[in-house]
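Fold and contact review
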Amino acid sequence: MILTVGRLGHRGDGIAQGPEGPVFVPQMLPGEVVEGDLAGDRLLNTRILCPSPNRIRPPCPHARTCGGCLMQHAADPLVADWKLGIVAGALAGQGLDALLRPIQTSPPRSRRRATLAARRTKGGALIGFHARASETLVAITDCQLLHPALLAAFPALEALVVTGGSRSAELSLTVTHSLGGPDVAVAGGKPLDAGLRLVLARVAETFAIARLTWDAEVIALRTMPVQRFGKALVAPPPGAFLQATAEGEAALLAAVKEAIGPARRVADLFAGCGTFSLPLAEFAEVHAVENNAAMLAALDRGWRQAQGLRRVTTETRDLFRRPLEPDEFKGFDAVVIDPPRAGAEALAATLARSRVPVIAAVSCNPVTFARDARILTEAGYGLDWVQVVDQFRWAAHVELVARFSLCRR
């Protein structure tokens, strides 16, 4: 069957109009004429008859087999337009429109945190990502996503896999580039005993791993795996959330600062380890709310050890089960909210009744963001602008910052 791809879906697949409805065509671009075998709603064994001018040679040698990237075959302007379209489409689905600013995209080789799969082999270790829609593990030696510091940590990871891995089960390796060196958290390894603890500690020392965590237990701490948030240095707990790239974090922070303007008292909700709280404390008092007590403790230590910051208070609270009530927002000039992918529907409802002047909403899911944005706009907030940030280059992931301001009546 011959089809013409009309658009890209949210997961990066081309979508063509088939005889009975939409047909998904993996790794194809809008405008391409393709031939293949129709199987349900998918076109398989495809061959490009007429390529798109936006099709490029993937920069990564693993692009054909690795499932870590979806869109290396597409030119950057097409990917940018696609991601902006995802946000615009989510807003339109809720009856909303907004000024979408030009996308800010992190450069190649900038991912400072990644979760890799690994398996011990007869000859050593296999480390990489899974192939698309497969459990097959693809080794990566020249990844175009990962920060050079993560690639430099591979000998250490291989030693860990050989020491504590199994040929019958996969390990999960979460590796973070910190100022103190690699911060490594391993899950799925051999059960710990005295001998394994000793050998793992030696591996950490040999390869200068800052912190090694094995199935949630810290095995070695050579030096604190600190991250810089503004003037503060913070050592997040093992496996704690961190923005994927330094460039992406800077873009999100700049948009948040612009959104809240001259606010002097700010509530930072879903504050994590202080990505926004601590830089904002350079000019405003901040109340940081987060469900994870360990992350808040790291934030607090970073604040207390820094110089030149205004007062930061912390509150451990499950904002899904117990969102702040409208009267708890009294006295705040602005609110920053950065929920996980599920969004914050209940919190948006109480925020909508709070009358706080400005809200800076950070989101990693345009669909739940648009749902929560509709709650705010229906209560009298204006959606002033949306800054889209792409720090998951070549993936379907989209992040954004939006400014909401209370419309005076």
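Placed above this text is the structure.
Residues numbered from 1 in each chain as written. Predicted model: local features only at pLDDT ≥ 70, side-chain atom pairs only at ≥ 80, totals over all residues. Heavy atoms only, no water.

Put simply, helix H3 (residues 154-164) and helix H4 (residues 194-206) touch, their axes get as near as 10 Å, and they point 170° apart. The angle between the axes of H3 and H4 places the two elements in the roughly antiparallel class. Of H4, the residues touching H3 (which contributes Ala 156, Ala 159, Leu 160, Thr 163 and Gly 164) are Leu 196, Val 199, Leu 200 and Val 203. (Axes fitted to C-alpha atoms, helices over the stretch in contact; angles between N-to-C directions. Helix = DSSP H or I, 4+ residues; strand = E, 2+ residues; numbered from the N terminus. Parallel < 35°, antiparallel > 145°, perpendicular 65-115°, else oblique. Contact = heavy atoms within 4.5 Å.)

Counted by the stated rule, this structure contains two aromatic pairs. Note on Phe 270 and Phe 320: the rings are 5.4 Å apart at their centroids and 55° apart in plane angle, and the pair reads as tilted. Here the residue Phe 270 occupies a position in the loop between strand E16 (265-269) and helix H6 (277-280), and Phe 320 occupies one in the loop between strand E18 (312-316) and strand E19 (334-337), the gap between them amounting to 50 residues. Exposure remark for Phe 270: the relative accessible area of 14% places this residue in the buried category. (Phe/Tyr/Trp six-rings, centres within 6.5 Å; stacked < 30°, edge-to-face > 60°. Buried < 20%, exposed > 50% of the residue type's maximum accessible area, 1.4 Å probe, protein only.)

This paragraph deals with the nonpolar core. In terms of nonpolar packing, the biggest core is built from 48 residues, with Leu 269, Leu 347, Phe 369 and Phe 404 touching the most fellow members. Elements with a contribution of two residues or more to this core: helix H1 (76-93), E16, E19, helix H8 (345-352), strand E20 (358-363), helix H9 (366-378), strand E21 (381-390) and strand E22 (399-406). The element that contributes the greatest number of residues to this core is H1, accounting for nine residues. Each residue touching Leu 269, except ones within four places of it in the same chain, is listed here: Val 289, Leu 319, Leu 324, Phe 329, Val 335, Val 336, Ile 337, Asp 338 and Leu 347. Phe 229, Ile 260, Val 266 and Cys 273 belong to the second-largest nonpolar core, a separate cluster that totals 40 residues. (Core = buried A, V, L, I, M, F, W, Y, C linked by side-chain atoms within 4.5 Å.)

What follows concerns the pairing of strand E12 (residues 211-214). Side chains of E12 alternate between two faces, with Arg 211 and Thr 213 and Leu 212 and Trp 214 buried alike. Crossover connection from strand E11 (residues 181-187) via H4 to parallel E12: handedness right-handed. If you look at the hairpin formed by E12 and strand E13 (residues 217-221), you'll find two residues sitting between the two strands, and Asp 215 has a positive phi there, around 45°. (Right-handed = clockwise from strand over helix to strand, strands pointing away. Pairing = 2+ DSSP bridges.)

A separate point is the sheet that holds strand E8 (residues 124-130). Here we have seven strands laid out as an open sheet, ordered E9-E8-E7-E10-E11-E12-E13, and mixed in their pairing. With one partner strand each, in any of the chains shown, strand E9 (137-139) and E13 form the two edges of the open sheet. Geometrically, the sheet is characterised by an average inter-axis angle of 35° between neighbouring strands, direction not taken into account. In this sheet, E8 lies alongside strand E7 (residues 113-121) in antiparallel orientation, the contact comprising five bridges. Within E8, the residue paired with Arg 120 across the bridge is Ala 125. In this fold H3 packs onto E7, E8, strand E10 (171-178), E11 and E12, with an angle of close to 115° to the strand it touches most, E8. The strands that H4 touches are E12 and E13; relative to E13, the one it contacts most, it runs at about 45°.

Right, let's get into the pattern of salt bridges. The tally for this structure, following the rule as stated, stands at 20 salt bridges. The partner of Glu 258 in a salt bridge is Arg 101, and the shortest N-O contact between them spans 2.8 Å. Taken together, the residues Glu 258 in helix H5 (residues 246-260) and Arg 101 in strand E6 (residues 100-105) connect sequence positions 157 residues apart. When the shortest N-O distance is used, the salt bridge between Arg 317 and Glu 315 registers 3.0 Å. When salt bridges that share partners are traced, they join Glu 315, Arg 317 and Glu 328 into one network. (Salt bridge = Lys/Arg side-chain N within 4 Å of Asp/Glu carboxyl O.)

Attention shifts here to the sheet that holds E21. The strand order E6-E21-E22-E20-E19-E16-E17-E18 describes an open sheet built from eight strands, whose pairing is mixed. Every interior strand has two partners, whereas the edge strands, E6 and E18, have only one. Along the sheet, successive strands turn relative to each other by an average axial angle of 15°, direction set aside. Two elements, E21 and E22, share eight bridges in a ladder whose sense is antiparallel. The residue of E22 that forms the bridge with Val 389 is Glu 399.

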